[in-house]
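Reading the structure
These are the residues of each chain, in order.
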Amino acid sequence: MDDQQIIAAFNALYRQRGLDPAKFPVLSKRYTTEELEERLSFYKEYIDIILFFVNKFLSTIQGTPILVTVTDQWGYLLECYGEPMFLEAIAGLGITKGVRYNEETGTGSVPLCLRFKRPFQTLGEEHFFEALHGMACYSAPFHREDGAVLGTLSLMTGVDSAHPHLLTLLCTMVDSVEREMLLRRNNAHLHTLNQVLLEANYQGVVVTDAAGRIIDMNDQYLRMLRLDGGDKHLYLGTPVLEHPLVSPYFERVLARQEECIGVELQDTRMDSDSYYMLDVLPVFDMGGCLCRIIGTLRDITEMKRTEEVLRNTEKLVFAGQLAVGIAHEIRNPLTTVKGLIQLAGPTSGLRHYDLIMSELDRMNLIVGEFLILGKPQEIRFREDWCMTILQEVLSLIEIEAAKNNVRIRCTCIREEKISCDRNQIKQVFLNILKNAIQALPGGGRIDIVLEADGGYQRIRFMDNGIGMPEEVLERIGEPFHTTKLEGYGLGMMIVKKIIASHRGILNITSEPGKGTTVEMGLPIG
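What you are looking at is a predicted structure, and each value in this text was computed from that prediction instead of being measured.

A count of helical and extended segments in the protein gives 14 helices and 17 strands. Here the analysis covers contacts within the protein between residues at least 6 apart in sequence; of these, 61% occur between residues at least 24 apart. Summing over all exposed atoms, the protein offers an accessible surface of approximately 28,600 Å²; the carbon and sulfur share of this is 54%.

Rendered as structure tokens:
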């Protein structure tokens, strides 16, 4: 059926029902005030867009009496704009905001448009009720993104002003409204993504076009790549390939259009290294062509440091387990051998007796260090004088120092009693002095200074030995990290462990070719 046949069929149906064309009915179905406000709120964005296009349309046909109406998908009138004369005319018929166009209003463009989901027009006497015979009405549906009818946009004018192009013009206006609404929704979606992506303070983001020229970036990216100036506008339009830290991966995406995910980067340009996780993703348009490239950087420096701590912890656990095994397997036969040699005595004619005993003592000392590492020691605190403990250690090490042509000078500026485990502090002094002597292969000097301040008894060991570079100094105290051919990397680790258990402080400074200073502080009293 064509439009004329449909209109004729509906008019015949209303006559069969006994409706009087001369009596326009009282419209009973309408929204309550609250319901109307809710629907207006839901349709607000659509109505704003419609009003924009309606005003442009009305400005081009000044002098022509036209009324524009908007309904929802059930035919309830939400808004009407236009000539006051027309507004008064339809209000006199009871057609006001909130009322519903349905069978009560007879044959009309709005009910037919909603029923058949396509544009419709009813002109003059095509309306069933005589009150509308002087009007020409045009209606077109507008749709949601999924194609479902969301409402109607209608034009009403005098039948003398009717023109076939008005329906075409109305359909064009509806298309413009739908495109604008889709554009707004897409822009809102892009704005949300932009906020999530570029305004995230936990990652650096850079966006380029298909040629690798920077379109946008956030402040985190500027900070992570240490770009001069700190103003992203200085870099917009420049090639991302000028950023050497990330350029190889953007180059790969540009060349192959393949994503790079989870690439670990190390930035060594500053005093301390920084680590980043890089993702570079190509973005394609609807035609499958590359249109954007997005790179994100996450700072994983702390994670890498945590991994390093965990690795060191694993080494400590392993070292502890190894220490217990070594103690059981070596100490008993070592004690037996040493006891038998001592029983024979130096007069037994055993060659190199003193050297053998010295080496056995050294082996026993190494086993003792492993025991300290592997077996939790009960700390027995008591007040003691630091100088007294130090003098005992110096008496033990003076022969080794003399053999290596090392002079040790001790100066006491101020001394206070400390609360400590005597044997453990003695072990600390012994390990530090042994390291200092080994750092003086050609002889030299070790200065020890005792002074008290800030609640600590401070002991400073200074040598003029070979010193250490920064990278070695940073790893002092790590298990099995050593620069000595016969070292185990356990001595300073034990020192750190004992100082920490005494709630003390430890600071080590060194300069290659000038020497090393080890300063510790033990709580007074």
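So, on to the pattern of salt bridges. Any two side chains of opposite charge can pair, given that their charged atoms come close. Per the counting criterion, the structure on display carries 26 salt bridges. For Asp209, the salt bridge identified is with Arg213, shortest N-O distance 3.1 Å. Assessed through its relative accessible area of 14%, Asp209 is described here as buried. Note on Arg213: relative accessible area 43%, which makes it partly exposed. Across the pair Asp384 and Arg382 runs a salt bridge whose closest N-O atoms are separated by 3.3 Å. Shared partners join several salt bridges into a network, and the residues in it are Arg382, Asp384, Glu392, Arg422 and Lys426.

Let us now look at helix α5 (residues 109–116). In terms of residue burial, α5 counts as a mostly covered element, since 6 of its 8 residues are buried. Those residues of α5 not exposed but buried are Ser109, Val110, Pro111, Leu112, Cys113 and Leu114. At its buried positions, α5 is contacted by α1 (3–16), β1 (66–72), β3 (120–123), β4 (135–143) and β5 (149–158). Of the residues one or two after α5, Lys117 is the one with positive phi, at around 55°.

On to the pairing of strand β6 (residues 203–209), then. Summarising burial for β6: 7 of the 7 residues are buried, a large majority. Here β6 shows two buried faces, one formed by Gln203, Val205, Val207 and Asp209 and the other by Gly204, Val206 and Thr208. Where β6 lies against strand β10 (residues 290–299), 7 bridges are found, and the strand directions are antiparallel. Opposite Val205, over in β10, you have Thr296 as the bridge partner. Two elements, β6 and strand β7 (residues 214–217), share 3 bridges in a ladder whose sense is antiparallel. What sits directly across from Val207, in β7, is Asp216. In sequence, β6 turns back onto β7 through a hairpin of 4 residues, with Gly212 there showing a positive phi of about 90°.

Mean pLDDT over the protein stands at 85; residues scoring 70 or higher make up 88%. Taking the mean pLDDT of every element in the protein, the minimum, 70, falls on helix α10 (residues 353–374) and the maximum, 95, on β3.

On to the environment of Glu451. If you trace the backbone, Glu451 turns up in strand β14 (residues 444–453). Along the primary structure Glu451 and Cys412 are separated by 39 residues, whereas in three dimensions their C-alpha atoms are 6.4 Å apart. Residues within four places of Glu451 in sequence aside, it is in contact with Ile413, Arg414, Tyr456, Gln457, Arg458 and Arg460.

Looking now at the environment of Met85. Mapped onto the elements, Met85 comes out in helix α4 (residues 84–92). Spatially, the C-alpha atoms of Met85 and Ile66 are 9.4 Å apart, while their sequence positions differ by 19 residues.

Before going further, it helps to spend a moment on the sheet that holds β10. The strand order across the open sheet built from 5 strands is β7-β6-β10-β9-β8, with neighbouring strands paired in antiparallel fashion. Every interior strand has two partners, whereas the edge strands, β7 and β8 (260–267), have only one. Adjacent strand axes in the sheet meet at a mean angle of 20° when their direction is disregarded. Across 9 bridges, the pairing between strand β9 (residues 274–284) and β10 is antiparallel. Along β10, the bridge assignment pairs Phe284 with Leu290.

Below, the discussion takes up the nonpolar core. Ranked by internal contacts, the top residues of the largest apolar core, which has 38 residues, are Phe429, Ile448, Ile459 and Phe461. Listing elements by their share of this core, those giving two or more residues are α11 (386–403), β13 (417–420), α12 (422–438), β14, β15 (456–463), α13 (470–474), α14 (491–501) and β17 (515–523). Here Phe461 is in contact with Leu390, Phe429, Ile432, Leu433, Asp447, Ile448, Thr516, Thr517, Val518 and Met520, once residues within four sequence places are set aside. Listed in part, the 30 residues of the second largest apolar core include Ile49, Val54, Val70 and Leu167.

In this section: the side chain of Asp267. In this fold, Asp267 is placed in strand β8. According to the relative accessible area criterion, Asp267 is buried, its value standing at 2%. Not counting chain neighbours up to four residues away, the residues in contact with Asp267 comprise Met224, Arg226, Leu245, Ser272, Asp273, Ser274 and Tyr276.

Okay, empty space enclosed by the protein next. Summed over all chains, the structure comprises 1 cavity of 30 Å³ or more. Quantified by volume, the largest cavity comes out at close to 160 Å³. Lining the largest cavity are 17 residues, with Tyr101, Ser109, Val110, Cys137 and Met156 sitting closest to its centre.

Here Leu19 is to be found in the loop between α1 and α2 (33–42). Taking relative accessible area as the criterion, Leu19 reaches 33% and is therefore assigned partly exposed. When the C-alpha positions of Leu19 and Gly106 are compared, they lie 9.0 Å apart, and in sequence the two are 87 residues distant. If sequence neighbours within four positions are ignored, Leu19 has contacts with Tyr14 and Phe128.

Our next topic: the packing of α12 against α14. Viewed as axis vectors pointing N to C, α12 and α14 meet at an angle of 145°, and their least axial separation amounts to 9 Å. Viewed along their axes, α12 and α14 form a crossing whose handedness is left-handed. Residues Gln424, Ile425, Gln427, Val428, Asn431, Ile432 and Asn435 of α12 form the contact with α14, whose participating residues are Gly491, Met492, Ile494, Val495, Ile498, Ile499 and Ser501. Looking at the contact of α12 with α14 residue by residue, the class counts come to 8 nonpolar, 6 polar and no charged.

Turning our attention to the side chain of Gln220. When you line up the elements, Gln220 lands in helix α7 (residues 219–224). Within the local environment of Gln220, its side chain forms a polar contact with the side chain of Arg223, the two groups lying 3.2 Å apart. Other than its neighbours up to four places away in sequence, Gln220 contacts Ala200, Asn201, Tyr202, Gln203 and Gly204.

Reading the values: the criteria
- Residues numbered from 1 in each chain as written.
- Predicted model: local features only at pLDDT ≥ 70, side-chain atom pairs only at ≥ 80, totals over all residues.
- Heavy atoms only, no water.
- Helix = DSSP H or I, 4+ residues; strand = E, 2+ residues; numbered from the N terminus.
- Contact = heavy atoms within 4.5 Å.
- Areas by Shrake-Rupley, 256 points an atom, 1.4 Å probe, with all protein chains shown as cover.
- Salt bridge = Lys/Arg side-chain N within 4 Å of Asp/Glu carboxyl O.
- Buried < 20%, exposed > 50% of the residue type's maximum accessible area, 1.4 Å probe, protein only.
- Pairing = 2+ DSSP bridges.
- pLDDT = per-residue confidence, 0-100.
- Axes fitted to C-alpha atoms, helices over the stretch in contact; angles between N-to-C directions.
- Core = buried A, V, L, I, M, F, W, Y, C linked by side-chain atoms within 4.5 Å.
- 1 Å grid on protein atoms, 1.4 Å probe; cavity = no way out; pocket = protein on both sides within 12 Å on 5 of 7 lines; lining within 4 Å.
- Points joined across faces, edges and corners; volume = space filled by probe spheres on them.
- Left-handed = near helix turned anticlockwise from the far one by under 90°.
- Nonpolar A, V, L, I, M, F, W, Y, C, P; charged D, E, K, R; others polar.
- Polar contact = N/O pair within 3.5 Å; in protein donor to acceptor, adjacent residues only side chain to side chain.

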